[in-house]
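Residues per chain, in single letters:
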Amino acid sequence: MKKIKVLLAFTLFVSLVFVGCNKKEDTTISSNARAELDKTIPTVRLITDATGIDDKSFNAATWRGILEFYGDTWENMKGRGVYYDFVTCQSQDMYVPTLKQVSDEGYDLIITNGFTFADALAEVAALYPNQKYMIADVDYVNLPNVMNCVFTEEQGSYLVGVVAAMQAQLEGIQNPRFGFIGGVPGATITKFEMGYIQGIRSVLPNAPIVDYYANDWGKPELAKTQAKNWYDSGVYAIFSAAGGTGNGTIAQAKEYRMQGKNVWAIGVDSDQYEDGIYDGKKSAVLTSMLKRVENSAKLALNNVKANAFVGKVYTLTMEQNGVGASAANPELRAEIIEALKTISSDISSGKIKISATYADALQKGLVPQGLGAKDN
């Protein structure tokens, strides 16, 4: 394993010379701690966008995977500042300098998330051929020192679409409408939307669908305003795949359920059931599409530990426990939970096939025209 380099790197880190990148606390590795590092355990740094590890979504899931690899928890991060840590960049223009700085510090693995990091990572990884990197949600940084981890989001999203439609049926909702809120449009978010719609329409073939793209990952107020408008117009459930922006959907659903209105939010990436709690165990989050990004972080760390790191594309499917749906909400009907088991098995076996692109889903008549989804 590579050693974390000289004191100068840590001094630079503590001073955080790059304006726009910050850490939540001083976790500088002391000289004594460095001397006692177990060289069989890899070191890692996570670099996030402005939403940080508290986005309750994509970054949070990655951070959870790192914690699980080291046997730590959110409440007890024993290895933080010794084996692992994170840096949050407040703007995209800081991605390249931050990646360079962290690469100079000599960690065994550097992890980033999402296509907004792709160009910066491709530039920096080419300059540091001996540094290992992993990026989630990207499959086109084709360098021998970069693991690209992608997911079959359409599979997990199909499940939450089924959940929403079946819940509406069982609750006796007449002609339910469904909404989708995306962050920045692109191929990955399109997979969420396509799977969700196909899941809904596998139960309710003529269900009306509306969608909205916020063009931002960190503005929950945009999702909250749109969710309010939709709920007021009769939309029953809204699935948001929009990072921190999607938290606005949950906030609005909580407000309305507290007022006795029968509307639902659907979480994404992490299980957001607890984020929707408004009374006892009652939650405004009916289910969550689980994108187990934590498993990609653990896969990369295990590969580094085993000296088996290979820079290529890894696809985590439902069969590989890469995606799924949460059944945490006690208001989910038992029939739905049983149905999910069968449907998950049928997806894994290939019996149920799901179109991942808008073009393919449109050609097959599986989704409506006029959506904001983009395949690239």
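Note that the structure is predicted; figures quoted are calculated from it, not measured. (Residues numbered from 1 in each chain as written. Predicted model: local features only at pLDDT ≥ 70, side-chain atom pairs only at ≥ 80, totals over all residues. Heavy atoms only, no water.)

Glancing now at the sheet that holds strand E9 (residues 235-241). If you walk across this open sheet you meet the six strands as E8-E7-E9-E10-E13-E15, and the pairing is mixed. Two strands lie at the open edges of the sheet, namely strand E8 (209-213) and strand E15 (323-325), each paired on one side alone. Pairwise comparison of adjacent strand axes, ignoring direction, gives a mean angle of 15° for this sheet. Pairing of E9 with strand E10 (residues 264-269) involves three bridges; the strand directions are parallel. Residue pairing for E10: Phe 239 is matched across the bridge by Ile 266. Against the sheet, helix H6 (residues 153-170) makes contact with strand E7 (177-182), E9, E10, strand E13 (285-291) and E15, and its axis sits at roughly 165° relative to E13, the strand it touches most. Contacts from helix H9 (residues 247-258) reach E7, E9, E10 and E13 within the one sheet, and its direction differs from that of E10 by about 150°. (Pairing = 2+ DSSP bridges. Helix = DSSP H or I, 4+ residues; strand = E, 2+ residues; numbered from the N terminus. Axes fitted to C-alpha atoms, helices over the stretch in contact; angles between N-to-C directions. Contact = heavy atoms within 4.5 Å.)

This part takes up the packing of helix H4 (residues 95-104) against helix H5 (residues 118-127). Direction vectors running N to C along H4 and H5 enclose 35°, while the axes themselves pass 9 Å from each other. Here H4 runs over H5; the crossing is right-handed. Contact residues: H4 offers Tyr 95, Val 96, Leu 99, Lys 100 and Ser 103, while H5 offers Ala 120, Leu 121, Glu 123, Val 124 and Leu 127. Looking at the contact of H4 with H5 residue by residue, the class counts come to seven nonpolar, one polar and two charged. (Left-handed = near helix turned anticlockwise from the far one by under 90°. Nonpolar A, V, L, I, M, F, W, Y, C, P; charged D, E, K, R; others polar.)

Summarising burial for H4: seven of the 10 residues are buried, a large majority. Along H4, the positions that sit buried rather than exposed are Tyr 95, Val 96, Thr 98, Leu 99, Gln 101, Val 102 and Ser 103. One or two steps after H4, the chain reaches Gly 106, where phi turns positive at roughly 80°. (Buried < 20%, exposed > 50% of the residue type's maximum accessible area, 1.4 Å probe, protein only.)

Once that is clear, we can look at the nonpolar core. Judged by nonpolar contacts, the single largest core of 76 residues is most densely connected at Ile 66, Leu 109, Phe 178, Tyr 196 and Phe 239. For this core, the element with the most residues is H6, which contributes nine residues. Beyond its immediate chain neighbours, meaning those up to four positions away, Tyr 196 contacts Ser 157, Tyr 158, Val 160, Gly 161, Phe 178, Gly 179, Phe 180, Ala 237, Ile 238, Phe 239 and Ile 266. One finds Cys 89, Leu 99, Val 102 and Ala 120 within the second-largest nonpolar core, a separate group that totals 21 residues. (Core = buried A, V, L, I, M, F, W, Y, C linked by side-chain atoms within 4.5 Å.)

What follows deals with helix H10 (residues 293-305). Helix length check: H10, at 13 residues, gives a terminal C-alpha distance of 19 Å against a target of 18 Å (1.5 Å per residue), a fit within 8%. Turning to H10, its buried residues number three or more, namely Val 293, Glu 294, Asn 295, Ser 296, Ala 297, Ala 300, Leu 301, Asn 303 and Val 304. Immediately downstream of H10, the backbone of Asn 307 shows phi near 55°, a positive value. (Expected span 1.5 Å × (residues − 1).)

Turning to unusual backbone geometry, a few remarks are in order. Despite not being glycine, Asp 137 shows a phi value in the positive range, around 80°. Topologically, Asp 137 is positioned in the loop between strand E5 (132-136) and strand E6 (146-151).

Attention now goes to empty space enclosed by the protein. Taken as a whole, this structure holds four cavities of 30 Å³ or more when the rule is applied. Put simply, the largest cavity is a space of about 300 Å³. Around the largest cavity sit 22 residues that line it, and Phe 58, Gly 114, Asp 137, Trp 217 and Gly 243 are the ones nearest its centre. At three residues, helix H7 (residues 187-203) tops the list of elements feeding residues into the lining of the largest cavity. Its residues assigned to classes, the lining of the largest cavity comprises eight nonpolar, nine polar and five charged. (1 Å grid on protein atoms, 1.4 Å probe; cavity = no way out; pocket = protein on both sides within 12 Å on 5 of 7 lines; lining within 4 Å. Points joined across faces, edges and corners; volume = space filled by probe spheres on them.)

Keep in mind that these numbers describe shape and distance, not what the molecule does.
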